[in-house]
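Take a look at the letters that make up each chain.
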Amino acid sequence: MANAFAQLRDSDIWWSFKRSPVTVISAIVALICIVTAVAAPFIAPHNPFDVATLNLLDAFKPPAWIDEGEADYLLGTDDQGRDLLSAILYGARISLFVGISATVFAALVGVSVGLLAGFLGGTVDALLMRIADIQLTFPSILVALLVDGIVRAAVPREVHDQIALFVVVVAIGISEWPKFARPVRGSTMVERNKEYVLAARVIGVSSFRIMTGHVLPNVLGPVLVIATLNLGLAILAEATLSFLGVGVPPTQPSLGTLIRVGNDFLFSGEWWITIFPGVSLVIMVLSVNLLGDWLRDALNPKLR
Amino acid sequence: MFAFIISRILQSVPVLLVVALISFAMFAYVGDPVSIMLGQDFTEAQRTALVADLGLDQPFFIQFAKFVGNAVQGEFGLSYRLSRPVAELIAERAPATLELACCAAGVALLVGVPMGVYTGLYPRSLLSRAFLTFSLIGVSLPTFLIGILLILVFAVWLGWLPSFGRGDTVMFGWWSTGFATMSGIKALILPAITLGLFQLTLIMRLVRSEMMEVLRADYIKFARARGLSNRAINFGHALKNTMVPVITVVGLQLGAIIAFAIVTETVFQWPGMGLLFIQSVGSADIPVMAAYLLLIACLFVTINLIVDLLYYAVDPRLRVSRGRGH
């Protein structure tokens, strides 16, 4: 363990990390987002889902620094008297969960498809990549909306409410897999013809073992960068779906849901119900995006 | 040239067929149109008659061929939600979306290109840095949040512009336009900025990096040596050569604009196709979803085709290499 730390401290990555203040700040912000989201039940001042503690008399309280605000509700309350800060912490938790799950799902599908297409070549390759090409013609938000709409039509409402979170993860995952499949296919095609693969073939290792045991570890490098860059997009996609009212169920409000709810009260002057969740979303996505940009440049041998 | 156009059209046929297959599969296998159309009380004979009437007892390929045949004629059946012909619904909503999308693309181009040229020519000036910071914010803000912020500032606080709808529209034949009245134009401003902002920042960054690259090229140095004016060099030589990638991106982004119009139309309650689509997704209205999907696919394929042809017109090098038979 200590050895691993020493290795990290002496590595090029750490050196380039330290030299970029923007990256250090975004890493700290991203870390804070993750920690507060995971620990939301312990650090949130109120439990926004506990109906017993809600009081409609507390509804529409402005943030604490405005005249009518109360110190107890730092960022004010929403239409049902829920503490906005707590709602944001819980919402960020759901946004992060969906974003990370969808990215992992897209990476799993994309890497498998890319590996298969690149390794097998021929008809399989042509077919899989044609599908990826066709899908890339359409913006991913449209694909996600479509998947969500089809599932909504295919399953009864009661069932849909239960699996809604899962559906959003799959919908966003499906909309982003080609971004993983293409580069993985490219590097698999390069690795396939190298001598170590030939050697493995000669001593009789099965194709499946060669793919998973020998080629896969050598094509995973760029996947981390693509995943980081896509995490921001996935979080935004979830927020957009929820804002449109087709994403996560209203019982589990994400940041996008909070923004949608707040949007109804924009005209009556309660701007904070929309603006604070929006600002949290932007901070989260911006820090992830900046980290992704840095990681891409730091791991790019051309820029060293 | 002619052979090139033909081959490009042939390439887009499989794409359209796949999308048609998906929409058809949605029609045929998701939900049960027969029980939706029959309602509660029906006899087995009525059911069989309706199944035969809709052609659902026929083989898959015949059904699919019929679906494509109907789709080509713009016949998509009735909306489950509104019980009106889908084609009529879409024709009613299309002008609103197209006017919005064109204005957004116009804003993005007319503001994005000059900003990109300026930041490319003077990368160290204060204004350039301001533009770049602005573009970073534009990229990180989701579309719906931009819309909400604009509404908050210009509609709620300042009260200058309307926050929803199209204002008064005038009918020209079947086309309803918002350009003819003052309130229609005012209603267009905020949605068009919201929709165009992301594309604007994208175009600006692209033009900037292309300009900076081109300005380093030898033929620019040569043009300077010949004593051409800065204006002739910057616009006649440099900008012209940055246009190929700009055309690609703008063309492809036109598709993205129409897709993101879904979000913008929801924020501003703009009565276009996107709002229709999102309402259909919410209520599982398959005919409308299928028709919208096919329409968007046709639009995308056409846009890609036009972009490829424009390449040809803008970049003479492509014509030469094609002529040699590559």
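Residues numbered from 1 in each chain as written. Chains lettered and ligands numbered in written order. Predicted model: local features only at pLDDT ≥ 70, side-chain atom pairs only at ≥ 80, totals over all residues. Heavy atoms only, no water.

### With respect to the packing of helix H10 (residues 195-202) of chain A against helix H11 (residues 207-219) of chain A
A pair of packed helices is characterised by two quantities: the angle between their axes and the separation of those axes. Residue and element names in this part refer to chain A. Worth spelling out the cut-off: Interaxial angles span 0 to 180 degrees and are taken between N-to-C directions of axes, which are lines fitted to C-alpha atoms, for helices over the stretch in contact. Here a strand is any run of E in DSSP of at least two residues, a helix any run of H or I of at least four, and the numbering for each starts at the N terminus. With respect to orientation, any angle under 35 degrees is reported as roughly parallel, any angle over 145 as roughly antiparallel, any angle of 65 to 115 as roughly perpendicular, and every other angle as oblique. By convention, the crossing between two helices is left-handed when the near helix turns anticlockwise from the far helix through less than a right angle, and right-handed when the turn is clockwise. By definition in these notes, contact holds between two residues if any of their heavy atoms fall within 4.5 Å. Nonpolar residues are Ala, Val, Leu, Ile, Met, Phe, Trp, Tyr, Cys and Pro. Charged residues are Asp, Glu, Lys and Arg, and all others, Gly as well, are polar.
One way to put it is that H10 packs onto H11 with a least axis distance of 11 Å and a crossing angle of 160°. By the angle between their directions, the pair H10 and H11 is classed as roughly antiparallel. Classified by chirality, the crossing of H11 by H10 is right-handed. Across from Tyr196, Val197, Ala200 and Arg201 in H10, the residues of H11 making contact are Ser207, Ile210, His214, Val215 and Asn218. Within the contact of H10 with H11, the residues separate by chemical class into five nonpolar, three polar and one charged.

### Some details on the packing of helix H14 (residues 272-298) of chain A against helix H7 (residues 143-157) of chain B
For the pair H14(A) and H7(B), interaxial distance at closest approach is 11 Å and the crossing angle is 140°. By the angle between their directions, the pair H14(A) and H7(B) is classed as oblique. The hand of the H14(A)/H7(B) crossing is left-handed. Contacts between H14(A) and H7(B) involve Thr274(A), Ile275(A), Gly278(A), Leu281(A) and Val282(A) from the first element and Phe144(B), Leu145(B), Ile148(B), Leu149(B) and Leu152(B) from the second. When the residues that make up the contact of H14(A) with H7(B) are grouped by side-chain class, the tally is eight nonpolar, two polar and no charged.

### Notes on the side chain of Gln135(A)
Residues and elements named next belong to chain A. We apply this condition: What qualifies as a polar contact is a pair of N or O atoms within 3.5 Å, subject to a donor-acceptor requirement within protein and to the restriction that residues adjacent in sequence count only when both atoms come from side chains.
Mapped onto the fold, Gln135 is located in helix H6 (residues 122-137). One polar contact links the side chain of Gln135 to the main-chain carbonyl oxygen of Ile174, over a distance of 2.9 Å. If near-sequence neighbours (up to four positions away) are discounted, Gln135 is found in contact with Val143, Ile174, Ser175, Trp177 and Pro178.

### Focus: the packing of aromatic side chains
Which entries qualify depends on this criterion: Side-chain rings of Phe, Tyr and Trp (the six-membered ring for Trp) are treated as a pair once their centres are within 6.5 Å; stacked means planes under 30 degrees apart, edge-to-face means over 60, and tilted covers the remaining angles. The classification of residues rests on relative accessible area computed with a 1.4 Å probe and restricted to protein chains. Under 20% of the type maximum is buried, over 50% is exposed, and intermediate values are partly exposed.
Counting across every chain of the model gives five aromatic pairs over all chains. Between Phe243(A) and Phe144(B), the aromatic rings sit 4.5 Å apart at their centres with planes inclined by 10°, giving stacked as the arrangement. Taken together, the positions of Phe243(A) in helix H12 (residues 221-244) and Phe144(B) in helix H7 put the pair across two chains. On the basis of relative accessibility, which here comes to 4%, the residue Phe243(A) falls in the buried class. Taking the relative accessible area as the measure of exposure, Phe144(B) reaches 0% and is therefore buried. Ring centres of Tyr118(B) and Phe131(B) lie 6.2 Å apart, and the angle between their planes is 75°; this geometry places the pair in the edge-to-face category. Here Phe131(B) lies in helix H6 (residues 126-140) and Tyr118(B) lies in helix H5 (residues 86-121), a separation of 13 residues in the sequence. A residue is classified by how much of its surface remains accessible, and Tyr118(B), at 27% relative accessible area, is partly exposed. Ring pairs connect the aromatic residues Tyr118(B), Tyr122(B) and Phe131(B), which therefore count as one cluster.

### Some thoughts on the state of the cysteines
Applicable threshold: Any two cysteine sulfur atoms within 2.5 Å of one another count as a disulfide.
Under the counting rule described, the total for this entry stands at zero disulfides over all chains. Here Cys102(B) is not disulfide-linked; the sulfur of Cys103(B) is the nearest cysteine sulfur, at 7.2 Å.

Shape descriptors only; they carry no functional weight alone.
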